[in-house]
Amino acid sequence: MGKYKKLYGTLLLGLIAIIILLTAVFSYSRSIEESYKEENINSLKELSNQGALMLNNEIKNKQNLLVELSHDVSRIFVDDPQAAAVYLKEAAARNNFKRIGVALTDGRAYTTDDIALNISERGYFSRALHGQMTVSRNLDDYTDGGRIAVYAVPILSDGSDKPIGVLFATYSMDTFRKTIEVSFFSGAGYSYVVQENGDVVVDSRHPESFKNLKNVYAALLTADPKNNRDSAEKLWQLINSKKDGYIEFYNGSQKYMYCSPIGVNNWMLLTVTPASVIEDKTNMVLHKTYLLGILLIVIFLLLIWHIMRIHTRNQRELMNIAYVDEITGGYSFAKFFKEAEPLLRAADKKTAIVSMDIDGFKYFNDMFGYEEGNDLLRYICQEIRASLNEGEILAHGVADTFIFLLRFDTRDELLWRINDLCLYLNHYITKSGQVYKLSLSMGIYEVDGETDDIVSMADRAYIARQTIKNKGDTAWAFYDGAVRDKLLHEKEIESQMERALAEGEFIAYYQPKYSTKEQRLIGAEALVRWRRSDDVIVPPYQFVPLFERNGFINKLDRYMFELVCRQQTLWLGEGLAPVPISVNMSRMCLYDPHIVDEYIGILEESGLPAAYVKLELTESAFFENTSIMNGVIEALHKVGIKVLMDDFGTGYSSMMMLKNVDIDVLKLDKSFVDDIGDERSEKIISNIIYLAHSLQIEVTAEGVETKAQFEFLRDVGCDYIQGYYFGKPQPAEAFADLLQKETWNGSDADADTKS
Ligand code: C2E
Ligand code: CA
Ligand code: CA
């Protein structure tokens, strides 16, 4: 589920990024388009206005020329108009005119190309006769029907401003057009000159221009009535207000037209360029932009793809690590929990969760080695799996723990299967052919709807198994009412422990240790008690195992060590002669890499000389972690703290192990002491003591209750005795009294030896 959520999240993120990128590319291209359009319209404007100015100059120049010529010919004209025409021939040729002519006031004209005309109908004629300098719009030549434009000025008699005739010069439209036609936008642009009413003065021969243009408004509306309506309107406004400006219009394709007043006859120069000129330019840039965009997206997608691939690979590896048990290749506990959930919901049968381990597996490992140990685990896994039915699963956890889910109809059926498994797996044949007697412990939780949390179900199965731990004869136990009560009780303790520690409810009882020879107080062991607020003293067996499971023991042990250090410093200060006090340290502490530094720190803080404290570690701690243990012992020895091996003889200890660890004192477990009287046991004890001494290890016997036990131990050379025979664990005040007495005895003894 989480995985897909993540996947969708990434995809969504990618999608958003791509959309942002596309929007950026799009708006960038839009802005490029805009700025190119603006730039092009600006250059169109420049061209058009420039063209209008040129045209204005051209017309003015020609008019000036004509005015000059009219002066030149006025006298000849009065006498002989035909002679005047002859006179003008050279000027006509020089200035590319089709012809120049002079006309009498009645319209009869004489021309440089010797044609007799009457131009009385022409507008330019009457305008010139009224004294204006004028240029005609385009006209059909009377002579050959060609398109022409005509400049006309009045001919004035000397000293009078009354026109006596008209001098006119005719351009063929082609020549006239050439004077305004400039190639721009690489030949894609062209221009017209139009009158106020839109009638054309100069048209264009450009292939894209309006064909047979008469009136520009009409042409616009004919070319594309729908799209050009507004443009025609805008053009009309521009022309009539004699302003420059541009319109967009359609004639086959989209075009821009710039309108510039020429300043003659209210003529306008219309300069046209196809929009494609702009588009081509922008498209080039846009293509590059799009290409870049696509490239970025591709790179981006590749990146995402790559990241996702790495991610899923890591995920898969993690899954494998988490879900596959390394030793058996089967399910891990994590996988078991995941797979079990849906199986629990299948309503056709009842379900049980079984927590299992192998009794004495550590012993087996020690005897046969880890490889053989792993083989055993694989063998068990394989055999159990073979016995499973559909919908049942099995997983191997840390060390020798297994968990499996069974489905059944009746409890008898379930028990039959459990017993069958225990019977079947009652021995193992090692690689070397040795037959090893196997015994399994199973805790069974029958799923009853009280909890639907698979992890707490597994916890309950585990707790059921804990109830038969070290009871060699019992193979299985159910999680039942008693276990549940115990669990509730533990929950209660757990809810109290932190507060109790903070409020000093954990206190130390001190049990004295005596030397066997002189029977003198030589030390003590600090044993924790929980003195509840109602003054009830709770013994450690009720909470220490729980704290070892939930990790709180580390805190408690540190606290006890600190307490003892402080107590000893106090007693020293009071002038008592304290004895070394050993403090218990759980094997759980060894998993904390800072533990030694912390203990040393506590000791230094208290200012107590190291000789006044010792640490007791249970034998199994040495057994589990010989290398860590040696590191710890070495560090403690460096600062002068001695180390005791507690409970020697309870685990699968081997005498050989003693040579591998540098302990100072061995504490013989009470179970040995209890067996005193039995000849074989006595032999074992004396040999252990002998061996320990040969390794420079002192021996303390624990749980000595009787005189007989004491005397035997004294006789076989046991160094120290701890037990009810000499003294029970007692509160600090009682123990201080004991110290007081000893101090007395001690000084007496000293006095004795001195005297
Ligand atoms: P242990 O370390 O083996 O402590 C010796 C236990 O034997 C003590 O039980 C003591 O009262 C009991 N004992 C001593 N002499 C006799 C005797 O002559 N007869 C009998 N029947 N018992 C005797 P206690 O105080 O109940 O402690 C039980 C266990 O709780 C300890 O066993 C130790 O494993 C654990 N424990 C106690 N205090 C601490 C502590 O501060 N930290 C840790 N980690 N464990 C502690
Ligand atoms: Ca102890
Ligand atoms: Ca002990």
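**Observations concerning the site of ligand 1**
Part 1 of the argument: Residues in contact with ligand 1 amount to 21 residues; listed here are only the nearest, Q511, R529, D557, E705 and Y724.
Part 2 of the argument: One of the side-chain N or O atoms of D647 is found 3.3 Å from an oxygen atom in ligand 1.
Part 3 of the argument: Between ligand 1 and the protein, one listed contact pairs an oxygen atom with a backbone N or O atom of Y724 at 2.8 Å.
Part 4 of the argument: In isolation ligand 1 exposes 800 Å². Once the protein is present, 80% of that is buried.
Part 5 of the argument: Of all the secondary-structure elements, those providing two or more residues to the shell around ligand 1 are β21 (521-531), α15 (552-573) and β25 (642-648).
Part 6 of the argument: No other element matches the four residues that β21 contributes to the shell around ligand 1.

**Considering the packing of aromatic side chains**
Part 1 of the argument: What the rule picks out here adds up to 31 aromatic pairs.
Part 2 of the argument: Where F710 meets Y725, the ring centres are 5.5 Å apart and the plane angle is 25 degrees; that geometry is what we call stacked. Remark: Y725 occurs in the loop between β28 (720-722) and β29 (730-731) and F710 occurs in helix α21 (residues 707-715); sequence separation between them is 15 residues.
Part 3 of the argument: F710 gets classed as buried once you look at its relative accessible area, which sits at 3%.
Part 4 of the argument: Note on Y725: relative accessible area 30%, which makes it partly exposed.
Part 5 of the argument: Here the aromatic residues F361, F364, F368, Y379, Y428 and Y436 are joined through ring pairs into a cluster of three or more.
Part 6 of the argument: The ring of Y142 carries R122 above its face, with NZ or CZ at 3.7 Å from the centroid.
Part 7 of the argument: One Lys or Arg, K728, reaches over the ring of Y724 and ends 4.7 Å from the middle of that ring.

**Here we look at the coordination of the calcium ion (ligand 3)**
Part 1 of the argument: Protein ligation of the calcium ion (ligand 3) involves D646 (OD), D647 (OD), E702 (OE) and E702 (OE), the donor distances falling in the range 2.2 to 2.6 Å.
Part 2 of the argument: Site description for the calcium ion (ligand 3): donor spacing in sequence, D-D-x54-E.
Part 3 of the argument: A spacing of 4.0 Å is found between the calcium ion (ligand 3) and the calcium ion (ligand 2), which share D646 as a donor. Taken together, the positions of D647 in strand β25 and E702 in strand β27 (residues 698-702) put the pair 55 residues apart, joining distant regions of the chain.
Part 4 of the argument: With a relative accessible area of 13%, E702 lands in the buried category.

**Comments concerning helix α12 (residues 454-466)**
Part 1 of the argument: Counted at 1.5 Å a residue, the expected span for α12 with its 13 residues is 18 Å, and the 18 Å between its end C-alpha atoms agrees.
Part 2 of the argument: I454, S456, M457, A458, R460, A461, I463, A464 and R465 are the residues of α12 that are buried.
Part 3 of the argument: Residues of α12 that are buried in the fold lie against α8 (333-345), β13 (350-358), β15 (402-408), β18 (440-446), β19 (476-478) and α13 (481-502).
Part 4 of the argument: Sitting at the head of α12, D453 places a side-chain oxygen 3.1 Å from the backbone nitrogen of V455.

**A short note on a nonpolar patch on the surface**
Part 1 of the argument: On the surface, F26, Y290, I294, V298, L302 and W305 cluster together into a nonpolar patch covering about 620 Å² of accessible area.
Part 2 of the argument: Of all the elements, helix α7 (residues 275-323) adds the most residues to the nonpolar patch, at five residues.
Part 3 of the argument: With respect to the helices and strands, Y290 occurs in helix α7.
Part 4 of the argument: Judged by its relative accessible area of 36%, Y290 is partly exposed.

**Observations regarding the sheet that holds strand β12 (residues 268-274)**
Part 1 of the argument: Spatially, five strands are ordered β9-β8-β12-β11-β10 in an open sheet, and the strand pairing comes out antiparallel. Looking at strand neighbours, the two that pair on one side only are β9 (200-202) and β10 (245-251), the edges of this open sheet. If you compare each strand with its neighbour and ignore which way they point, the axes differ by 35 degrees on average.
Part 2 of the argument: Alignment of strand β11 (residues 253-261) against β12, held across seven bridges, turns out to be antiparallel. Bridging across to β12, C259 finds its partner in L270.
Part 3 of the argument: The sheet strands contacting helix α5 (residues 216-223) are β8 (190-194), β10, β11 and β12, and the helix crosses β10 at an angle near 45 degrees.
Part 4 of the argument: Seen against the sheet, helix α6 (residues 225-240) touches β8, β10, β11 and β12 and runs at an angle of roughly 150 degrees to β10.

**Examining the confidence of the model for the chain**
Part 1 of the argument: Here the chain shows a mean pLDDT of 89. Residues at 70 or above account for 96%.
Part 2 of the argument: Ignoring residues within four places in sequence, the model shows residues 747-755, a span with pLDDT below 50, making zero contacts including any to other chains.

The rules we used
- Residues numbered from 1 in each chain as written.
- Chains lettered and ligands numbered in written order.
- Predicted model: local features only at pLDDT ≥ 70, side-chain atom pairs only at ≥ 80, totals over all residues.
- Heavy atoms only, no water.
- Near = heavy atom within 4 Å.
- Polar contact = N/O pair within 3.5 Å; in protein donor to acceptor, adjacent residues only side chain to side chain.
- Areas by Shrake-Rupley, 256 points an atom, 1.4 Å probe, with all protein chains shown as cover.
- Helix = DSSP H or I, 4+ residues; strand = E, 2+ residues; numbered from the N terminus.
- Phe/Tyr/Trp six-rings, centres within 6.5 Å; stacked < 30°, edge-to-face > 60°.
- Buried < 20%, exposed > 50% of the residue type's maximum accessible area, 1.4 Å probe, protein only.
- Lys NZ or Arg CZ within 6 Å of the ring centre and 35° of its normal.
- Donors = N, O, S within 2.8 Å, 3.2 Å for Na, K, Ca; no water.
- Expected span 1.5 Å × (residues − 1).
- Contact = heavy atoms within 4.5 Å.
- Patch = residues over 30% accessible without salt bridge, like charges linked within 9 Å, V, L, I, M, F, W, Y side chains within 5 Å.
- Salt bridge = Lys/Arg side-chain N within 4 Å of Asp/Glu carboxyl O.
- Pairing = 2+ DSSP bridges.
- Axes fitted to C-alpha atoms, helices over the stretch in contact; angles between N-to-C directions.
- pLDDT = per-residue confidence, 0-100.

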